Each structure stands twice: as structure tokens, then as C-alpha cells.
Amino acid sequence: MAANDLCRLADVKAWLGRTDTNSDAVLTALVSRASRQILSYLQRSAILPRTVTEIRDGTGGRFLVLRHWPVLSVTSLVVAGQTIPPINSGGSSPGWALEPWDGTPPGRAQEIVLCEYYFGYRGAGKSQNTQIVYRAGYQVSGEAQTVANEIAIVTAPYGAWASDAGVTYADGTPLAAVTGAPAIGQYQLTPDAPGSYTFNSGDDGAAVLISYGFIPADLADACIELVSERFRYAQRIGEKTHSLGGNETVSFDNSRFTPLVAALLQPYRNLLPI
């Protein structure tokens, strides 16, 4: 899969019932184009986990809705040149707190809330004076697995595995990602098996926590539907109806998205300006 693709070629071919490779190049290109069309409609630059630096005007208040979601963590918050610390675990110190995401798609835009601070100060310039650095995207964090026969496979309950976000032992000790055969304390993404992790035999039986980005199943289904429709459209470009011997007339939906695709996408639309 190319970066930001929302479905896999194999899934499109399975949906179309194709087992040959004659159209693989066309379908691969359509997957990337359809994914970009969907992300544009959703008003999102990406959906997989990445670091975002957001520059905002101060509001003078204590609440700010972040533009990218779901938000996984906040790295830093600076307002008018002052670094704001996170509120401590007991909630007794001034600072910021992030509205949590429950881990279930589609999620929604989240607020960052200040205690004893404000987004902008009276008498101070508020234009572009707030910088928030944070991680956003669809991610499963710390899925518990046990290494067996050098392999651990994620369950991906909400959608297909799409990117690696790290592995640790159960006690939090990180394992190092490698591209070759792993040693103890290392792991490799199993070639040609998305969501499968390969470990050294010395780690068999070890409890590990795997974090990974995923593509919500709704978005993948919408992309498969759109790619399939665009692929079939090449056989009837511009047609709205087709008569079969005068006995039967077939009508085609030539709208940008079919009603089903639009319904799948609607909960994921970003209604905040990016």
C-alpha cells in the first residue's frame, strides 16, 4: 500500500472477483486516487498516526478544539511564549488536560482544557500565539499478545493494520524494530503479512504490547466501493442509462459518491477548518 491508501489491492480484487493480474496496475492507481478523493471530502490530510504542529490564535478562554482527531497524546503546548505543563495525575496542579478518545472509530474532535491558564492574555497579542504539538490518527495502543513460534499477530478489531507504532515487553521495555532476522529484544514486520510480527525464538512465550495504526473498516469499505465503481465506469463513460434490446433499461448512478459510500464517510468528516 502507498502512503495514505485506504484499502488494499487484494481486497479490491476479491470484491471484484478478479484472480488475474491483468488490471493490477490500473486498480493500484485507482486505490491511490480514490483514497485522495475520500480524504479531500473528509477534509483530512491523513488518518494514520502522525505528529501535528498546530498554530492557533489565542481565544482568551480555557478551551480549544483541536483540528485533527482522534488525538492520541499532546507533546507540548506553548501560549504566548510560555510552555504550559500537563496537569498532574491527581489533577491538583495548573496546566492542560486532553479530552480522551475511547479508541473506537470514528471518534470526534477533542478539546484541550487549561486550568489556571488561558489561551491568550489580556492586553497581549493573540494572533498565532498558540502552538500545540500532538499525535493524531487511528491507533491501537499496547495490544497484548504472546509470542508463539516466533510470531505475534494483532487482532485489529476496528480495521486493517496499516502502520507500526512500536512494541514493548509487558513491563514497558521497548523492543527494537529491524529489517533483518531479529535477535532477542528485536522484532521484524513479517514480510507480505500486514499485522504479523516476527521475533527471535528466544522471545517465544514473552508477553508483548503492540501498538499500530489502522484504517477504520468503514473507510476501507468506502474506498473499495469507490474503486470498484470507477473501474466499472470505464466501460460506460458518460452513460446514464443503457437499453438491452428494448426490453430492459439499466440506469447508472454517476454521482461523485454513491449513497452507500457517502453514508460510510459522513461520520468521519472533519467539520473544523484545517
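Residues numbered from 1 in each chain as written. Predicted model: local features only at pLDDT ≥ 70, side-chain atom pairs only at ≥ 80, totals over all residues. Heavy atoms only, no water.

Student: Kindly report on the overall build of the protein, identifying the contributing residues and their values.
Tutor: Across its full length, the protein carries four helices and 16 strands. Per-residue burial for the protein yields a buried fraction of 38% across its 274 residues. Of the contacts formed within the protein by residues at least 6 apart in sequence, a portion of 70% connects residues at least 24 apart. (Helix = DSSP H or I, 4+ residues; strand = E, 2+ residues; numbered from the N terminus. Buried < 20%, exposed > 50% of the residue type's maximum accessible area, 1.4 Å probe, protein only. Contact = heavy atoms within 4.5 Å.)

Student: Report on unusual backbone geometry, specifying residues and quantitative values.
Tutor: Negative phi is the rule for most residues except glycine; trans is the rule for most peptide bonds. Between Trp 69 and the following residue, Pro 70, the backbone shows a cis peptide bond with an omega angle of 0°. In the segment running from Pro 105 into Pro 106, the intervening peptide bond is cis, with an omega of 5°. The residue Pro 106 is located in the loop between strand S5 (95-98) and strand S6 (111-115) in this model. Positive phi outside glycine occurs at Asn 4, with the angle close to 75°. Within the secondary structure layout, Asn 4 lies in the segment before helix H1 (9-16). Asn 4 sits in the partly exposed class, given a relative accessible area of 30%. Here Glu 150, not a glycine, exhibits a phi torsion of approximately 70°, which is positive.

Student: Could you give an account of the side chain of Asp 5, naming the residues involved and the relevant values?
Tutor: Looking at where Asp 5 falls in the secondary structure, it is placed in the segment before H1. Although Asp 5 is buried, it makes no salt bridge; Arg 36 carries the closest opposite charge, 8.2 Å away. With residues near it in sequence (within four places) discarded, Asp 5 still touches Val 31, Ser 32, Ser 35 and Ile 215. (Lys, Arg positive; Asp, Glu negative; His and termini not counted. Salt bridge = Lys/Arg side-chain N within 4 Å of Asp/Glu carboxyl O.)

Student: Got a sec to walk through H1? Specific residues and values, please.
Tutor: Within H1, burial applies to Val 12, Lys 13 and Leu 16. Buried residues of H1, viewed axially, fall in a sector of 95°; they line one side. Structural note: H1 exposes Ala 10, Ala 14 and Trp 15 on the side pointing more than 90 degrees away from its buried face. Those residues of H1 hidden inside the fold are in contact with helix H2 (24-42) and helix H3 (217-233). Looking one or two residues past H1, Gly 17 carries a phi angle of roughly 75°, positive in sign. (Arc of directions from axis to C-beta.)

Student: Let's hear about the nonpolar core: which residues, and what values?
Tutor: By size, the foremost hydrophobic cluster in this structure holds 46 residues, and its most contacted members are Tyr 197, Phe 199 and Leu 265. Elements supplying a minimum of two residues to this core: H1, H2, strand S10 (159-169), strand S13 (196-199), strand S14 (207-216), H3 and helix H4 (259-265). Sequence-distant contacts of Leu 265, defined by excluding residues within four places in its chain, comprise Ile 38, Tyr 41, Leu 42, Leu 219, Ala 222 and Phe 257. The next biggest cluster of nonpolar side chains, apart from the first, holds 16 residues, and it includes Leu 77, Trp 96, Tyr 117 and Ile 132. (Core = buried A, V, L, I, M, F, W, Y, C linked by side-chain atoms within 4.5 Å.)

Student: Residues and numbers for the pairing of S13, please.
Tutor: Residues Ser 196 and Thr 198 of S13 are buried on one face, and the alternating residues Tyr 197 and Phe 199, pointing to the opposite face, are buried as well. As paired strands, strand S9 (residues 151-153) and S13 are joined by three bridges and run antiparallel to one another. When the bridges of S13 are listed, Ile 153 appears paired with Ser 196. Pairing of strand S12 (residues 186-189) with S13 involves three bridges; the strand directions are antiparallel. Pairing of Tyr 187 across the sheet is with Phe 199, part of S13. Hairpin connection from S12 to S13: six residues lie between these consecutive antiparallel strands, with Asp 192 at a positive phi of about 60°. (Pairing = 2+ DSSP bridges.)

Student: Before we move on, can you summarise the layout of surface pockets with the specific residues and values?
Tutor: Of the volumes computed, that of the largest pocket is approximately 170 Å³. Split into classes, the residues belonging to the lining of the largest pocket amount to six nonpolar, three polar and two charged. (1 Å grid on protein atoms, 1.4 Å probe; cavity = no way out; pocket = protein on both sides within 12 Å on 5 of 7 lines; lining within 4 Å. Points joined across faces, edges and corners; volume = space filled by probe spheres on them. Nonpolar A, V, L, I, M, F, W, Y, C, P; charged D, E, K, R; others polar.)

Student: How would you explain the sheet that holds strand S1 (residues 50-56) if you had to name every residue and give the values?
Tutor: Within the open sheet, the four strands sit side by side as S1-S7-S3-S4. Their pairing is antiparallel. This sheet does not close on itself; its edge strands, each paired only once, are S1 and strand S4 (82-83). Relative to strand S7 (residues 130-136), S1 is paired through seven bridges, and the arrangement is antiparallel. Opposite Thr 51, over in S7, you have Arg 135 as the bridge partner.

Student: Account for the environment of Thr 146, naming residues and giving values.
Tutor: Looking at the element boundaries, Thr 146 is found in strand S8 (residues 139-146). Separated by 63 residues in the primary sequence, Thr 146 and Leu 209 place their C-alpha atoms 8.6 Å from one another. In this structure Thr 146 touches Ile 151, Ala 152, Gly 205 and Ala 206, once residues within four positions along its chain are discounted.

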